[in-house]
Amino acid sequence: MSESVSEAEIAGTAERAERAEPRTVPEPEYDPAAPAPLNLPRTPTGDAEVDARLARLADADHLATDGHVEVYEDVHQGLRDALTALDARPEPPGHPF
């Protein structure tokens, strides 16, 4: 018996390897309930206090849904406070209104 390998045997082995299914790395399971950022753009308003409150909305991106309420209520209250502060500012001297 000869211990040499024929070219036909080598070609057949290569052909079977090409037909074999490629090995795949398992992907992490998708969890639809997991927190995920919405990546919504936030356009600056020009008011530093309002912009800071709106930036706080990004905190909800990393929380489960039941944690969103606290963030939204905090932002809402901060925006109400900012609006109330606008009404409390004195008018500049000589303002016609």
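Residues numbered from 1 in each chain as written. Predicted model: local features only at pLDDT ≥ 70, side-chain atom pairs only at ≥ 80, totals over all residues. Heavy atoms only, no water.

Caption draft 1: Looking closely at the overall build of the protein chain. Across its full length, the protein chain carries 3 helices and 0 strands. For the protein chain, the N- to C-terminal ordering of α and β elements is α-α-α. When each of the 97 residues of the protein chain is scored for burial, the buried share is 8%. Put simply, 37% of the contacts in the protein chain that link residues at least 6 apart link residues at least 24 apart. Taken as a whole, the protein chain presents about 8900 Å² of accessible surface, with 57% of it coming from carbon and sulfur. (Helix = DSSP H or I, 4+ residues; strand = E, 2+ residues; numbered from the N terminus. Buried < 20%, exposed > 50% of the residue type's maximum accessible area, 1.4 Å probe, protein only. Contact = heavy atoms within 4.5 Å. Areas by Shrake-Rupley, 256 points an atom, 1.4 Å probe, with all protein chains shown as cover.)

Caption draft 2: Main features of the side chain of H68. With respect to the helices and strands, the residue H68 is situated in helix α3 (residues 68-88). From its side chain, H68 meets the backbone oxygen of A60 in a polar contact 3.0 Å long. At a separation of 3.3 Å, a polar atom in the side chain of H68 contacts the main-chain carbonyl oxygen of L63. When sequence neighbours within four positions are dropped, the list of residues in contact with H68 reads A60 and L63. (Polar contact = N/O pair within 3.5 Å; in protein donor to acceptor, adjacent residues only side chain to side chain.)

Caption draft 3: Main features of the packing of helix α2 (residues 48-55) against α3. Packing of α2 against α3 brings their axes to within 9 Å, and their N-to-C directions diverge by 170°. When the axes of α2 and α3 are compared, the pair comes out roughly antiparallel. On α3, the residues that touch E49, V50, R53 and L54 of α2 are D74, V75, G78, L79 and A82. Considering only residue class, the contact of α2 with α3 consists of 5 nonpolar, 1 polar and 3 charged. (Axes fitted to C-alpha atoms, helices over the stretch in contact; angles between N-to-C directions. Parallel < 35°, antiparallel > 145°, perpendicular 65-115°, else oblique. Nonpolar A, V, L, I, M, F, W, Y, C, P; charged D, E, K, R; others polar.)

Caption draft 4: Molecular detail of the pattern of salt bridges. According to the stated counting rule, one finds 3 salt bridges in the structure shown. For the salt bridge of D74 with R53, the shortest nitrogen-to-oxygen distance reads 3.8 Å. Of this pair, D74 sits in helix α3 while R53 sits in helix α2, and the two are 21 residues apart along the sequence. Given a relative accessible area of 28%, D74 falls into the partly exposed group. Each of R53, R56, D59 and D74 takes part in a single network of salt bridges with overlapping partners. (Salt bridge = Lys/Arg side-chain N within 4 Å of Asp/Glu carboxyl O.)

Caption draft 5: Quick peek at the side chain of D61. With respect to the secondary-structure elements, D61 resides in the loop between α2 and α3. Setting aside anything within four residues of it in sequence, one finds D61 in contact with P35, A36, P37, L38 and R42.

Caption draft 6: Looking closely at α3. For α3, which comprises 21 residues, the first-to-last C-alpha distance of 30 Å matches the rise-based estimate of 30 Å (1.5 Å per residue) to within 8%. Taken together, the buried positions of α3 are occupied by H68, V71, V75, G78 and A82. For α3, the angular spread of buried residues about the axis comes to 105°, placing them on one side. Opposite the packed face of α3, turned more than 90 degrees from it, sit the exposed residues E70, E73, T84, D87 and A88. In this structure, the buried side of α3 is in contact with α2. (Expected span 1.5 Å × (residues − 1). Arc of directions from axis to C-beta.)

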